[in-house]
Each structure stands twice: as structure tokens, then as C-alpha cells.
Amino acid sequence: MTYGQQLDRAAAAIAAAQVSLRHPRPGGIADHAAAAIARTHLYRAIERQVKRLSARRSDAVLIRELQHATHTTTLEMPLAPTTDHPVPTALRQAAEAARVASDILYAQFDPTDGRPRTPEGFAIQTGVLHAGSLPRLAQLARAAGEVDHGLAAWLHQGVAAGSHQLIVRTAASDARTTSLMLPHTVDAIASERPLHSLLRDLQPPPLTDTARRWASITSPTDCVRALDVARTWLVQHHQHLTANDLKVLLRTGLALTYEIDYLIQAAHPGTHRTPTAGILASLWRGAAQASMHLHTLGNPESGVGPTVLAAAERWLRDQLRPNGDWREPKTLLRSRGGRAWQSAGTALAARLPDLASLVHQGALLAVRRGDMREPDPLQRRPPDRAVRPRWIRASPASPQGAALLRFTGQLREETVALACEAGSKVLPGLHEAERRKLRQARPDRMTAPGVTASTGHPSSPQPSNPRSRLANRAGVETTRYSHWSTIKELPRSWPSGAEQALTERNIHGEGPDEGPSL
């Protein structure tokens, strides 16, 4: 179950507890103890989530009230006894759902240093999900506070009946205080605003230890999941990308661009076509060609993320171009799983900008690290290539290293434009985290005239001259870069003939490698 579904389970269980407390049946010692323990676990699970999602100083008020809700209860609690009483049963279900939701949230971060382990972790860390998450948790806390009024009276009945358990006494005292204070405090935060879609669908991060876990691709949903696996792997390994990793990622990104564009047009027939896919494909191709001249000594096999993404793209290619030509869109949408194909382009396009940001960041770190090599541009070689090639260290100033960073630095803006044309809401991730760091480090430069929130990636080594356009379908303004002199705009039709041959041979590694090899 997702994070949002767990919160819904917790809310339903709290409502059930409130109903049971209207006319509660008498409870025994085990019933009162179980209810007191479950209540404490519930509040602490909500508090843990608020701490993780809080991004403003005003959130400290909610955190303080949640801490106060259990401040007299001992930290070391006994194990909950077994009971079938409806009140502790409902509270236990609410506490368990809130705990699982908290675990899903914290699984996005490394438990040792707190750094994000997934793109969603970056989005949570930047606070972009704050507006939809805190009100939902405040609603949950308010519902728990309303339950506390009847729960305090019911627990005091147990104390009056002779229960001398410390956990029951402290929980009854906390419940009475919280029922008076907490609902008024959270009213200023709680609202009927729905939970952010990214948080609602949040799941535990996929395991990226082996590609065999994701080798079976049988549906468009599996392709979307494979892209999530690749993004998660890049978050965890973008500091150690090899030249082969970059080659696979860039080739796959180029092929995915055409396939996503096809799926978008298939799902929205009659939509006015723009050259975005051609521009984006040119950037992927330029970066892929630069990567073909780069080499890293060591293990030639690509990592789990690139391997899984390439496998998903190969399956997607076989479905969309079984005989080398694009399938008729109507035939695809009427086939088995047509509904999944209808939304596949939108889902993939929403994830492509974050993938582009991670690829660029990985390329930037790999070039700066200095362990990649490229051919010496000053070496003169005879036509028969009898002279052994001479290698130099690739850097941000070397020809191929600079070309790689120049092209990858422009990928995000065009992927955002493609997502806007698809009507997709771009999933936040590394890019937003980097921009937040840049704003905190240089607030004066971020607010200077002419600087917009949608300029190039902050780690891009070379700026470009921006050109603005309005993405009407998504209702947002994006900034796109002008063409570099080496980029030619491609035709808007589906790749076929010579264009398809270029894509298949040079991008999927079926043609000759023009660059030297080790």
C-alpha cells in the first residue's frame, strides 16, 4: 500500500475508535493498557512524519503540540497485551497504519546520514510537497485529539476501577490535556486540501542491488517502474558513474524521447505538433556521441539502473515498432492493455526531467573526477590508423568532456517542455534540491533582474541564451534554450528510413564505433 493509503487507513481506524467511544463497553486491565499504548504510538508516528515533512518555522507549533500529547508518557512502554475490545483494537490499527506510513516516508532517506536515497527524498527535503502534506497530517492529529475526549474518560474509569498501571494513568492525563488544546492548534493548519499526488502514491524505494529483480518487463506499467528504478539507482550512485553507464543512459534517453513522443501523440490525436521532441533528441544524440569517445578503465559492465532502463526501452521498442515501423496508434490503443498505453506517455514524460537532471549531475561529477579518458585532439593519425591513439584526461575543458556537459546541461529544459506538451506534472527531484541550495547560497543573485526560476540546471558548466515560451497545456511558463550551432532541428514525423537507421545503429550500438577503443 502507498503512503496515502496508509494515512487513509489510519483516519478510518480513528473514526472507528471515536464511534466505539460514544457508548463504550467496560474494559479490563488489558483493554485499558492496550488502548493507552496504541494512543501513544499513534501520536508519535504522526509527530515523526511532521518532523520529516516540516519546512517552515511555523510548523514547530504543530510539532510541539504533538510532543506535548505524550509528554508525560514514559518512553519505555510495555508490550501491548492481546485484546478484542473495539476501542484498543481501532487505536492499534490506526497506530499501525501511521507507523507504516512513517516507515515509507523515512525509507526515502539513508538512516545513517539522513541523505535522500530516492528522487522523492530530494523532493521531500526541498519542501516542495509541504503544502499538501502538513494539512493532511494536521487533519489526522485533529481527529486523534477529538477521540481523546472520550478516551480520557474511558481510561479514567479503568483507573477508578483499580488499574494502577502507569501507562494508563499517564495516557489518561495526556488525553485529557490534548483533547482541550490540540484541536484548536491544528485548525489553523488543517484544511480540506488533498494530499500531494507524489506523496499519495509514495511507496518504499525499489531495491537496486541487482538488475534481475526488474528483468521481467511485460507492460507499460513495468516500463514506468523501470524508469523509477533507474532514477533511484542514479540518486544512490550518481557520484560514481562510468563512461559505459553514461553511454547506455544517453542512448536509451534518445530512444525513449521518440517513443514517449509517439505515445503522447497517440493518446492525444489531433494535437498540434511542435519541434520539442526533435530538439530534445538532438541533445540526447549530441551527448551520446560525445560519450562514445569517453572511456573509463575498469569494469565494462553498466550498473543496475542503466541496465534496467535499457531493458525496458528494448521491450517498449518491440511493442511500438515490431517490424521496424511505428504501429498504427489506433491499433495500439485498441489492443490488450490499451488503457495502460493511454497513460504511459504521460507517466514517462513526467519522470524524464528528473532523469535528465540526474544524468547531467552524474556526467558533471564523472568529468570533474578525472578518471575518464578521451582521444587527444592534437594527435595526427595517418589514414590507415596504424599509430596507436593517444589519450588525455577528460575534463570540463577538454573537447569531449565539454561537449558532454554542454548537451546534458540543456536536457532538463527540453524534457520539461515535452512533459508540458503531454499535460504531465513534472515529478520533482534533484533539480529542485539543487536550486534550493543555490537560492540559499546566493539569494541576491537569484532575485536579480532577468533571472527566472526556470533557467538552466544550476550545475550546468556553460550558460545559454534563454528563450521563453508559454506551455499552454500545462499552464506553466518554461524557459528553453536556443539551439547550439551543432544542433539541427529534426523533422516532426515518426523516425523512419534514414532517421530510423541512424537511431537504431548509432544509438543501440549496432553500428561501427567511430571513436578509438582501449
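Worth saying up front: this structure is predicted, and the values here are computed from it rather than measured.

**What to know about the overall build of the chain**
Across its full length, the chain holds 19 helices and 5 strands. Residues counted as buried form 53% of the 518 residues belonging to the chain. Residue pairs in contact within the chain that sit at least 24 positions apart in sequence constitute 81% of those at least 6 positions apart. As displayed, the chain has an accessible area near 23700 Å², and 52% of this comes from carbon and sulfur atoms.

**Things to note about the packing of aromatic side chains**
Scanning the model with the defined rule gives 2 aromatic pairs in all. Ring geometry for Tyr-262 versus Trp-326: centroids 4.8 Å apart, planes at 25 degrees, classification stacked. Of the two residues, Tyr-262 sits in helix H10 (residues 243-267) while Trp-326 sits in the loop between helix H12 (304-320) and helix H13 (329-334), which places them 64 residues apart along the sequence. The same class applies to Tyr-262 as to Trp-326, namely buried. On the numbers, 5.9 Å between centres and 5 degrees between planes, the contact of Trp-315 with Trp-341 is stacked. Linking Trp-315 in helix H12 with Trp-341 in helix H14 (residues 338-369), this pair joins segments that are 26 residues apart in sequence. For Trp-315, a relative accessible area of 16% gives the class buried.

**Looking at the environment of Ala-433**
By the secondary structure assignment, Ala-433 is in helix H17 (residues 430-441). Given the relative accessible area of 5%, Ala-433 is considered buried. Residues Ala-433 and Gly-121 lie 312 residues apart in sequence; the distance between their C-alpha atoms is 9.7 Å. When residues no more than four places from it in sequence are discounted, the contact partners of Ala-433 are Phe-122 and Thr-126.

**Digging into the sheet that holds strand S2 (residues 372-375)**
Spatially, the 3 strands line up as an open sheet ordered S1-S2-S3, and their pairing is antiparallel. A strand with exactly one partner marks an edge of an open sheet, and here the two such strands are strand S1 (295-296) and strand S3 (391-393). Across 2 bridges, S1 lies against S2 in antiparallel orientation. When the bridges of S2 are listed, His-295 appears paired with Arg-373.

**Structural notes on the side chain of Asp-354**
One can find Asp-354 in helix H14. Within the structure, Asp-354 has its side chain in polar contact with the side chain of Arg-231 (distance 3.1 Å). If we skip the residues at most four places from it in the chain, Asp-354 touches Pro-119, Arg-231, Arg-412, Leu-427, Gly-429 and Leu-430.

**Structural notes on helix H3 (residues 59-68)**
For H3, the complete set of buried residues consists of Asp-59, Leu-62, Ile-63, Glu-65 and Leu-66. The arc enclosing the buried residues of H3, seen along the axis, measures out at 165 degrees, which places them on a common side.

**What to know about the confidence of the model for the chain**
This prediction gives the chain a mean pLDDT of 81; 80% of its residues lie at or above 70. At the level of individual helices and strands, the chain shows its lowest average pLDDT in strand S5 (residues 476-481), which scores 34, and its highest in helix H4 (residues 86-106), which scores 96. Note that residues 446-518 has pLDDT below 50 and, in this model, 156 contacts with residues that lie over four places away or in other chains.

**Topic: the pairing of S2**
In the case of a regular strand, side chains alternate between the two sheet surfaces. In the sheet, S2 pairs with S3 via 3 bridges, with the strands oriented antiparallel. Bridge pairing links Arg-373 to Arg-393 in S3.

**Things to note about the pattern of salt bridges**
Tallied over the entire structure, the rule returns 19 salt bridges. A salt bridge links Asp-84 to Arg-25; the shortest N-O distance between them is 3.8 Å. Of this pair, Asp-84 sits in the loop between H3 and H4 while Arg-25 sits in the loop between helix H1 (3-20) and helix H2 (29-53), and the two are 59 residues apart along the sequence. In this structure, Asp-228 engages Arg-351 in a salt bridge whose closest nitrogen and oxygen atoms are separated by 2.7 Å. Highlighted residues: Asp-228 in helix H9 (residues 220-237) and Arg-351 in helix H14, separated in sequence by 123 residues. Classification of Asp-228 as buried rests on a relative accessible area of 12%.

**A word on the side chain of Gln-108**
Inspection of the secondary structure assignment puts Gln-108 in the loop between H4 and helix H5 (119-126). A relative accessible area of 1% places Gln-108 in the buried class. Once you skip the residues sitting within four places of it in the chain, Gln-108 turns out to touch Arg-115, Pro-116, Arg-117, Thr-118, Glu-120, Gly-121, Ile-124, Leu-202, Gln-203, Pro-204 and Pro-205.

**Some words on the packing of H9 against H12**
Where H9 contacts H12, the axes come no closer than 8 Å and their chain directions differ by 160 degrees. Taken as axis vectors, H9 and H12 run roughly antiparallel relative to one another. Judged by the twist between their axes, the crossing of H9 over H12 is left-handed. The residues of H12 that touch H9, namely those facing Pro-220, Cys-223, Ala-226, Leu-227, Val-229, Ala-230 and Trp-233, are Val-304, Gly-305, Pro-306, Val-308, Leu-309, Ala-312, Trp-315 and Leu-316. Classifying every residue of the contact of H9 with H12 gives 14 nonpolar, 1 polar and no charged.

Rules used throughout
- Residues numbered from 1 in each chain as written.
- Predicted model: local features only at pLDDT ≥ 70, side-chain atom pairs only at ≥ 80, totals over all residues.
- Heavy atoms only, no water.
- Helix = DSSP H or I, 4+ residues; strand = E, 2+ residues; numbered from the N terminus.
- Buried < 20%, exposed > 50% of the residue type's maximum accessible area, 1.4 Å probe, protein only.
- Contact = heavy atoms within 4.5 Å.
- Areas by Shrake-Rupley, 256 points an atom, 1.4 Å probe, with all protein chains shown as cover.
- Phe/Tyr/Trp six-rings, centres within 6.5 Å; stacked < 30°, edge-to-face > 60°.
- Pairing = 2+ DSSP bridges.
- Polar contact = N/O pair within 3.5 Å; in protein donor to acceptor, adjacent residues only side chain to side chain.
- Arc of directions from axis to C-beta.
- pLDDT = per-residue confidence, 0-100.
- Salt bridge = Lys/Arg side-chain N within 4 Å of Asp/Glu carboxyl O.
- Axes fitted to C-alpha atoms, helices over the stretch in contact; angles between N-to-C directions.
- Parallel < 35°, antiparallel > 145°, perpendicular 65-115°, else oblique.
- Left-handed = near helix turned anticlockwise from the far one by under 90°.
- Nonpolar A, V, L, I, M, F, W, Y, C, P; charged D, E, K, R; others polar.

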